[in-house]
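# Structural characterization, general
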Amino acid sequence: MSKKILIIEDNDDIRESTAEILELAGYETFTANNGKIGVEQATKHHPDLILCDIMMPELDGYGVLYLLHKNPQTATIPFIFITAKSERADMRKGMEMGADDYLTKPFDDIELLNAIEGRLKKNKTSGNFNGNEVDTKSLFVELVKKGKSRVLANKQIIYVEEDEPTHVYYIKKGQVKTYKRFKDGRELSSALYHAGDFFGYESLFMESDYEDNAATLADCELVLIPKADFTDYLYQHQPLSAAFIRLLSGSIRDKENQMLQLAYFSVRKRVADALIQVAEKFGSIENDSSTIKISRDDLAAMVGTASETVSRMLADFKEEKLIEKTGNAIKICAISKLKNIKQ
């Protein structure tokens with residue numbers, strides 16, 4: 001069976017010529033002309049490797065990599081950035097985020113094929129278990145089958161700090177947040193999760209009580225996988241263990257970035273980044289805009305400030321025509337402009 005390659009590139013000529021080269025080499029190709037479609041294609045087709053441009057409309061390459069690494073079913077797919085940028089800082093950022101390789105445009109046919117063949121060969125070796133190639137996606141499916149479904153309404157508590165972890169949670173439907181609650185009642189959001197995500201595994205790995213709280217942001221259907229079944233399954237399947245290690249590493253990196261933002265970014269910048277994060281996680285991005293639903297208090301918890309301060313920032317963004325507000329719905333009119341707000 002031929003290997004499947006997903007090409008995410010907004011330049012029509014480069015995308016089509018790359019697909020033609022790969023098809024001549026015997027690969028099956030899928031293409032996407034922006035990052036949002038690319039994420040959808042990766043989730044649908046589960047390719048063996050992804051080639052992705054960095055500078056793209058709607059969702060850039062870094063956003064694509066971030067979202068794919070948040071989804072256990074796509075977290076282990078080999079990922080190669082293709083970009084016209086050759087600055088060392090861009091290369092370093094991509095590799096630190098978890099990219100497997102980097103191709104600088106223009107590249108020739110041999111460079112492209114060598115990069116793909118080398119990465120696929122390495123991935124096959126690291127993905128073998130007892131001599132047989134393992135389908136990581138099917139392992140995740142079997143893991144989820146070990147749990148029991150539970151339906152929760154919006155704003156329901158799932159677990160609280162200092163609880164002993166007894167399950168790993170998988171989201172079949174809905175949205176979940178994890179957060180810290182301080183003695184004065186303030187909250188600081190630590191992560192957002194949507195359908196297809198696992199959560200609650202960090203404390204289980206550390207064999208410690210939960211260090212944060214978890215609650216629903218919408219009506220949810222969760223799968224609760226018992227701790228014993230989860231750990232036994234990881235011991236039995238090395239590729240699955242590797243996938244969760246990557247998820248855990250990404251979670252740690254996200255928390256480090258959050259602390260840096262709290263220390264060095266202005267409230268205006270943090271509110272803008274929070275809106276973009278919610279749009280990329282829960283919204284549908286089209287033509288540089290997205291409509292999201294999030295309460296003022298939840299947004300304040302993400303930013304790490306008072307809800308009144310968030311209200312003032314949203315009023316400023318509305319006056320600058322960056323957003324529109326209707327009830328608890330926020331329409332982001334220009335995601336690119338929010339991204340360009342300075343520290």
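Scroll up to find the structure.
Residues numbered from 1 in each chain as written. Predicted model: local features only at pLDDT ≥ 70, side-chain atom pairs only at ≥ 80, totals over all residues. Heavy atoms only, no water.

### Regarding the sheet that holds strand β12 (residues 187-194)
On the basis of which strands lie adjacent, the open sheet formed by 4 strands has the order β9-β14-β11-β12 and antiparallel pairing. The outermost strands of the open sheet, each flanked by one partner alone, are β9 (157-159) and β12. Within the sheet, the average angular offset between the axes of one strand and its neighbour, ignoring direction, is 30°. As defined by bridge partners, strand β11 (residues 175-181) adjoins β12 across 7 bridges and the pair is classed as antiparallel. (Pairing = 2+ DSSP bridges. Helix = DSSP H or I, 4+ residues; strand = E, 2+ residues; numbered from the N terminus. Axes fitted to C-alpha atoms, helices over the stretch in contact; angles between N-to-C directions.)

### With respect to the environment of I332
Checked against the element boundaries, I332 lands in strand β18 (residues 329-332). With 320 residues separating them along the chain, I332 and D12 place their C-alpha atoms 27 Å apart. Setting aside anything within four residues of it in sequence, one finds I332 in contact with L275, A279, D288, S289, S290, I292, L322, I323 and L338. (Contact = heavy atoms within 4.5 Å.)

### Quick word on helix α1 (residues 12-24)
If you check α1, its first and last C-alpha atoms are 18 Å apart, about what 13 residues at 1.5 Å a residue would give, namely 18 Å. Those residues of α1 lying buried are R15, T18, A19 and L22. Down the axis of α1, the smallest arc covering the buried residues is 100°, so these residues share one side. Away from its buried face, by an angle of more than 90 degrees, α1 presents the exposed residues D13 and L24. Backbone geometry just downstream of α1 places G26 in the positive-phi region, at approximately 95°. (Expected span 1.5 Å × (residues − 1). Buried < 20%, exposed > 50% of the residue type's maximum accessible area, 1.4 Å probe, protein only. Arc of directions from axis to C-beta.)

### Re the packing of aromatic side chains
Under the defined criterion, the tally for this structure stands at 17 aromatic pairs. An aromatic cluster of three or more residues is present, and its members are F140, Y170, F198, Y201, F205, F230 and F244. Over the face of the ring belonging to Y179 we find K177, whose NZ or CZ atom lies 4.8 Å from the ring centre. Positioned over the ring face of F182 is R186, at 5.0 Å from the centre of the ring. (Phe/Tyr/Trp six-rings, centres within 6.5 Å; stacked < 30°, edge-to-face > 60°. Lys NZ or Arg CZ within 6 Å of the ring centre and 35° of its normal.)

Worth remembering: the numbers are spatial, not functional.
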